[in-house]
Amino acid sequence: MVDVTLLGCGGTMPLPGRALSALSVRCGGRSILVDCGEGTQAAARAAGVSLAKTDVICLTHFHGDHIFGLPGMLQTIANQGRTEPILLVGPAGLKKMAGLLLALAGPMPFAVHGLEITENTKTLPGPGGLAITAFAADHRVPCLGYAFSLPRAGRFLPEKAKAAGVPQRAWKRLQQGESVSCGGREIRPEIVLGPAREGIKLVYCTDTRPCLSLERAAAGAELLILDGTYATDAEADKAQQYGHSTFGQAAALAAKAGAKRLWLTHFGGALENPAAALPAAQAIFAAAEAGADGKQITLTFPPERDLCGAERF
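This is a predicted model, so every value here is computed, not measured.

## Here we look at the sheet that holds strand β14 (residues 262-265)
Point 1. Read from one edge to the other, the open sheet built from 7 strands follows the order β7-β8-β9-β12-β13-β14-β15, with strand pairing classed as mixed. At either end of the open sheet lies a strand with only one pairing partner, and these are β7 (121-125) and β15 (288-290). Strand after strand, the sheet turns through a mean of 20 degrees between neighbouring axes, direction not considered.
Point 2. For strand β12 (residues 197-205) and strand β13 (residues 223-227), the ladder comprises 4 bridges, and the chain directions are parallel. Among the inter-strand pairings, Y204 is bridged to a residue of β13, identified as I225.
Point 3. The strands touched by helix α10 (residues 247-257) are β13 and β14; relative to β14, the strand with the most contacts, the crossing angle is about 155 degrees.

As structure tokens, this is what we get:
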């Protein structure tokens, strides 16, 4: 399962109860942090989210409302005794910006390794078996969105294990993805597993106009968390000018991508009540919701259905 917590849903300026952009993604007891705007630490504490086990920090871009909380956050986890390294991922310009941010954070007892993404898409391993795919967004500066995928192996087929002569005591290891030795032969998991099953997919992309790369990355996502800087399509020209999206544009993209759920985020400072603007978005995509600091969900593998239509897990 994947635990998702929206830590900051504000854009440009923090407001009471609305920190700037940040998202926590937790899997297998370890975490990924996406962006770290002002107020991230306070929002995490209020939501019961520990940042001390953050192994990867993914930055979408280098505007202040997405990064100004990072030096303080690094100082805090250093003071908590962390020694494990952290991977810092971001778009072109990361090396220069990371140097500035780390200088502000001061000496730390752990290493920070940088990975600058210059390709249109790049996939790398994350904690807990998550795959992290960075893809190009459409903002005024180099900007990335991130897709987080947790694959699910095929169902274990006892009849295939028996046919391969695998003793029952070794079945659990095969189910867990390990190869086993049997009669001098190596039995790989795929020999005794059915086709891969539907996994979990989360996509986060703020500070972007609607674009093809986002639509492709969002295809079939369990949850999309998308830029909703402007509430109405009357502000579409402003959204285009500044590299953002309206509620309606985000809803239309979610519908086109076949997503299951949409959270809107990165609200402009003038948007005091995002929930009041939801009906127009929900008319396009019924599962649209307004994000809020501390909004949480646990994503689990979807149930399968057998030939009779009964759910199987």
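## Looking at the packing of helix α3 (residues 70-79) against helix α4 (residues 94-105)
Point 1. Put simply, α3 and α4 touch, their axes get as near as 8 Å, and they point 50 degrees apart. As the angle between them shows, α3 and α4 are arranged oblique. Crossing geometry of α3 relative to α4 is assigned as right-handed. Contacts from L70, P71, L74 and Q75 of α3 reach α4 at L101, L102, L104 and A105.
Point 2. Residues belonging to the contact of α3 with α4 are distributed by class as follows: 7 nonpolar, 1 polar and no charged.

## Section: the pairing of strand β9 (residues 144-152)
Point 1. Judged by how many residues are buried, β9 sits mostly within the fold: 7 of 9 residues are covered.
Point 2. Relative to β9, strand β8 (residues 131-136) runs antiparallel, the two being bridged by 6 bridges. Bridging from a neighbouring strand, A131 pairs with S149 of β9.
Point 3. Where β9 lies against β12, 6 bridges are found, and the strand directions are antiparallel. Bridging from a neighbouring strand, F148 pairs with L202 of β12.

## Observations regarding helix α1 (residues 40-47)
Along an α-helix, a turn takes 3.6 residues, which lines up residues three or four apart on a common side.
Point 1. Three or more residues of α1 are buried, namely T40, A43, A44 and A47. Along α1, the residues classed as buried sweep out an arc of 100 degrees about the axis, all on the same side. Opposite the buried face of α1, by more than 90 degrees, sit the exposed residues A42, R45 and A46.
Point 2. Of the surrounding elements, those touching the buried residues of α1 are β1 (2-8), β2 (22-27), β3 (30-34) and β16 (295-299).

Rules and cut-offs
Residues numbered from 1 in each chain as written. Predicted model: local features only at pLDDT ≥ 70, side-chain atom pairs only at ≥ 80, totals over all residues. Heavy atoms only, no water. Pairing = 2+ DSSP bridges. Helix = DSSP H or I, 4+ residues; strand = E, 2+ residues; numbered from the N terminus. Axes fitted to C-alpha atoms, helices over the stretch in contact; angles between N-to-C directions. Contact = heavy atoms within 4.5 Å. Parallel < 35°, antiparallel > 145°, perpendicular 65-115°, else oblique. Left-handed = near helix turned anticlockwise from the far one by under 90°. Nonpolar A, V, L, I, M, F, W, Y, C, P; charged D, E, K, R; others polar. Buried < 20%, exposed > 50% of the residue type's maximum accessible area, 1.4 Å probe, protein only. Arc of directions from axis to C-beta.

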